[in-house]
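# Structural overview
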Amino acid sequence: MKTRQLLRRAMATAAMVAFCLTGMCFTADDTPASRVVEEGGTGPYKAIMKEDPTLKAHTLFVPQDLSKFGPKNLLPVLVWGNGACANSPFEHYKFLNEIASYGYVVLATGFFPEEGQRYRGPMSTTEQQIESMDWIIAQNSDKNSPYYNKIDVKNIAVAGMSCGGLQTLFNCADPRIKTLMICNSGLFNQENAGSAVGGMPMPPKSKLKEIHTSIIYILGGEKDIAYGNGMDDFHRIDHVPACAANLPVGHGGTYAQPHGGEFSVVALAWLNWQLKGDSQAAKMFKGADNELSKREGWTLEKNALME
């Protein structure tokens, strides 16, 4: 009898390990995973990183205390796609958590990051960003949801890093999007398309004409492998407000630094301006004397529609 019990226990453990390796790992009582990152971030609404069983293959970053939000204090939304088409935000969780701590719901493509581990499973898809928008809009209308009447569904940003930026541009025509944020990314052209990683979405440059919102490119300077593509995109966009911010840190950005480093400062200013109408945040980008150009290392280029 003991042998059978030990065998069953070993088989159950093996099954759980295999399940966790897919990226979706729950505790023994099926409680979705959650973790407080960097003490909840530096913002006024301490955040938490978590799974939700009704949104498979996604990770949420949300304020811990949702009671502070309602019809008079709605939560704008950031939808995020990861670098390398990874189906987990394991490289960006500090950056995304920091944004959530300033009063945002962040919906990242992919499985909950296991602490200290890289994701090595199948690639993510462009459709997952659409799933994020569908889900949060439905949650806002569901009386049984903790997000009921707390979401600013008219202020949704879609963003991503590297491959996630390509996924974002693939989805750029969605009418629910209020602004776009393309990080360390840009569309390939015919001359360099062969250098793209297999499995990445590859929209043509003509896709840029489908953008109907403001857009910012946040790039890592000339050492960023996406610099040429991103700046080429920026220079082609003349029908919507667009800008390109560069910090010479290369393709990896500052996402892994405490609280997401400088990239989170710029991303938050953009989101606060575009989604919350924050006039103070707008000063980061507006005018010849903009605040971003005064920050060490940063340069900013804008098209004629930005002012």
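Residues numbered from 1 in each chain as written. Predicted model: local features only at pLDDT ≥ 70, side-chain atom pairs only at ≥ 80, totals over all residues. Heavy atoms only, no water.

## A closer look at the packing of aromatic side chains
- Within this structure, the stated rule accounts for eleven aromatic pairs.
- Look at W80 and F95: their rings are 5.3 Å apart centre to centre, the planes differ by 55°, and that puts the pair in the tilted class. Highlighted residues: W80 in strand β4 (residues 75–81) and F95 in helix α2 (residues 93–100), separated in sequence by 15 residues.
- The exposure class assigned to W80 is buried, which follows from its relative accessible area of 0%.
- On the basis of relative accessibility, which here comes to 1%, the residue F95 falls in the buried class.
- When the ring of W135 is compared with that of Y147, the centres are 5.9 Å apart and the planes differ by 65°; the resulting orientation is edge-to-face. Highlighted residues: W135 in helix α3 (residues 127–141) and Y147 in the loop between α3 and β6 (151–161), separated in sequence by twelve residues.
- An aromatic cluster is defined as three or more aromatic residues linked by ring pairs; in this entry it consists of W80, F95, Y255, F263 and W298.
- If you follow K207 out to its NZ or CZ, it ends over the ring of F170, 5.3 Å from the centre.
- Stacked on the ring of Y104, the Lys or Arg K276 has its end atom at 4.4 Å from the ring centre. (Phe/Tyr/Trp six-rings, centres within 6.5 Å; stacked < 30°, edge-to-face > 60°. Helix = DSSP H or I, 4+ residues; strand = E, 2+ residues; numbered from the N terminus. Buried < 20%, exposed > 50% of the residue type's maximum accessible area, 1.4 Å probe, protein only. Lys NZ or Arg CZ within 6 Å of the ring centre and 35° of its normal.)

## Some points on the confidence of the model for the protein chain
- With 87% of its residues at a pLDDT of 70 or more, the protein chain shows a mean pLDDT of 90.
- Confidence drops under pLDDT 50 across residues 1–29; counting only partners more than four residues distant or on other chains, this segment forms 20 contacts. (pLDDT = per-residue confidence, 0-100. Contact = heavy atoms within 4.5 Å.)

## Observations concerning the nonpolar core
- Of all hydrophobic cores here, the largest spans 43 residues; its most connected members are M181 and F285.
- The dominant element in this core, judged by the number of residues it contributes, is helix α6 (residues 261–276), at nine residues.
- Among residues more than four places away in sequence, those in contact with F285 are I216, V266, A269, W270, W273, N290, L292, L300, K302, M306 and E307.
- Counting residues in hydrophobic clusters, the runner-up holds 41 residues, among them V105, I136, I156 and A242. (Core = buried A, V, L, I, M, F, W, Y, C linked by side-chain atoms within 4.5 Å.)

## Side note on the pattern of salt bridges
- Inspection of every chain in the model, using the stated rule, returns nine salt bridges.
- Where D134 meets R176, a salt bridge forms, and the shortest distance between an N and an O atom there is 2.6 Å. Here D134, found in helix α3, pairs with R176, found in the loop between α4 (163–170) and β7 (177–183); they are 42 residues apart in sequence, far enough to count as distant.
- Relative accessible area serves as the criterion here: at 39%, D134 is assigned to the partly exposed category.
- Close ionic contact of D238 with K209 constitutes a salt bridge, the shortest N to O distance being 3.5 Å. Placement of the pair is D238 in the loop between α5 (227–236) and β9 (242–246) and K209 in the loop between β7 and β8 (214–219), with a sequence separation of 29 residues. (Salt bridge = Lys/Arg side-chain N within 4 Å of Asp/Glu carboxyl O.)

## Side note on the environment of N140
- Position of N140 among the secondary structure elements: in helix α3.
- N140 gets classed as buried once you look at its relative accessible area, which sits at 11%.
- For the pair formed by N140 and D152, sequence separation is twelve residues and the distance between their alpha carbons is 8.5 Å.
- Ignoring sequence-local partners within four residues, the contact set of N140 consists of Y147, Y148, N149, K150, I151 and V153.
- At 3.1 Å, the side chain of N140 and the backbone nitrogen of K150 are in polar contact. (Polar contact = N/O pair within 3.5 Å; in protein donor to acceptor, adjacent residues only side chain to side chain.)

## Side note on the side chain of N184
- Along the polypeptide, N184 turns up in the loop between β7 and β8.
- Of note is the side chain of N184, whose polar atom sits 2.9 Å from the side chain of D224.
- Here the side chain of N184 touches H251 through a polar contact of 3.3 Å, landing on its backbone oxygen.
- The contacts of N184, once residues within four sequence positions are left out, are M161, S162, I218, L219, G220, D224, A226, G250, H251, G253, Y255 and F263.

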